[in-house]
Amino acid sequence: MHEDNLGMRVQATEGSLEFVDCDVERGICACGVPRCVHLEWASDVVLFRGKRSRWLVLSSLHKELRRGDVVAARHWASWLAHCDGPDAPLGYLRKVWSEETADLDLGVRLHRPSVTLAEAIAHFCAASKVWALPAWWTAFQVWQERVEGVGPRLRHKLADRLARAQAKGDPVKLAHLRIAALAELTERRLLTSAHVVVFQARFATERLENEDFLLAALLADLLPTQVNPPLQNPRTRVARHWTNGSTLRLPPAYAYDYHSRAGLARMRAWLEHNPGGEFTFGVDTSPVDLRWARPAPKSRNPGK
Ligand SMILES: [Zn+2]
């Protein structure tokens, strides 16, 4: 082998502690297998910025944030920055904040102009996640059923109108209702001005997840006031090689989901091994990670 020119280390197998040396530019891998998985994966991510498999980089970041693995999340965030540009990872954390957590103070931290990516990832990883909060799943199901027009009215008129406007996808009406909701929640001291800034920032991006649900849940008292413990302030050391482009993991087994044929095959296998099981809130769907999933029966889209 041309060991002298092997500049990168690629994870040998999914989840393994071993790494093999690769020269991505020249298409040489120390594993010796022709057209090996290491070169296939690494050349797409490194040379072509994830042209074919960028979603797996993104999905790996998403799953590691959910699982709270700071080192792995920092690793995937650095590769997402390589694929999509330096602002992409923080933009993504801010986008999925309301999907993975109900933690308003985390939203504030993530949206601070001065926040670093390392701080943002550490706080996101430390926050409690919705899959671990049964009260959250119940509330979300109530909301979803109202949006779909099959559930009862929400107890609070403005919250109910938000659900119906969401169902109709009327942007002008939604914008008015959001302003009214933020005003009422501020008045009731359920949101601080810092929280309001976060919602305004999210609504301005139009890259929305569960912001309207959170407003409705607060208005209608669907969630306990304190669903999250206070944020910890973790100080995880992340070795440089995980974030400087010299090392590349293979996507973890649980990163695969409905975005790919491989993921769909893993999901089918899970259903076969768990007869009667469903991809629904909080269920351990290992080896894929669909713990934050929409209720399965009506939906063809089982979430991320
Ligand atoms: Zn190889």
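Please read these numbers as outputs of a predicted model, since none were measured by experiment. (Residues numbered from 1 in each chain as written. Predicted model: local features only at pLDDT ≥ 70, side-chain atom pairs only at ≥ 80, totals over all residues. Heavy atoms only, no water.)

On to unusual backbone geometry. Look at Arg49: it is not a glycine, yet its phi comes out positive at around 50°. Residue position: Arg49 is located in the loop between helix H1 (37-47) and helix H2 (54-67). Among the residues examined, Arg49 registers a relative accessible area of 47% and is labelled partly exposed. Phi at Asp221 is positive, roughly 55°, even though this residue is not glycine. For Asp221, the position within the fold is in the loop between helix H11 (211-219) and strand S4 (247-248). (Helix = DSSP H or I, 4+ residues; strand = E, 2+ residues; numbered from the N terminus. Buried < 20%, exposed > 50% of the residue type's maximum accessible area, 1.4 Å probe, protein only.)

Moving on, we come to the coordination of the zinc ion. Octahedral metals with six donors have ideal donor angles of 90 or 180 degrees. Tetrahedral metals with four donors have an ideal donor angle of 109.5 degrees. Cys29 (SG), Cys31 (SG), Cys36 (SG) and His38 (ND1) make up the full set of protein donors to the zinc ion, lying at 2.1 to 2.3 Å. For the zinc ion, the four donor atoms in the first shell make angles of 108 to 111° at the metal, a pattern classed as tetrahedral. In the primary sequence, the donor residues of the zinc ion line up as C-x1-C-x4-C-x1-H. For Cys36, a relative accessible area of 4% gives the class buried. (Donors = N, O, S within 2.8 Å, 3.2 Å for Na, K, Ca; no water. Tetrahedral: all angles 85-135°; square planar, octahedral: opposite > 155°, others 65-115°.)

Taken together, the side chains of Lys157, Arg161, Lys168 and Lys173 present a region of like positive charge at the surface. At three residues, the largest contribution of residues to the positive patch is made by helix H8 (residues 157-168). Looking at the secondary structure, you find Arg161 in helix H8. Here Arg161 falls in the partly exposed class, since its relative accessible area comes to 43%. (Patch = residues over 30% accessible without salt bridge, like charges linked within 9 Å, V, L, I, M, F, W, Y side chains within 5 Å. Areas by Shrake-Rupley, 256 points an atom, 1.4 Å probe, with all protein chains shown as cover. Salt bridge = Lys/Arg side-chain N within 4 Å of Asp/Glu carboxyl O. Lys, Arg positive; Asp, Glu negative; His and termini not counted. Charge placed at Lys NZ, Arg CZ, Asp CG, Glu CD.)

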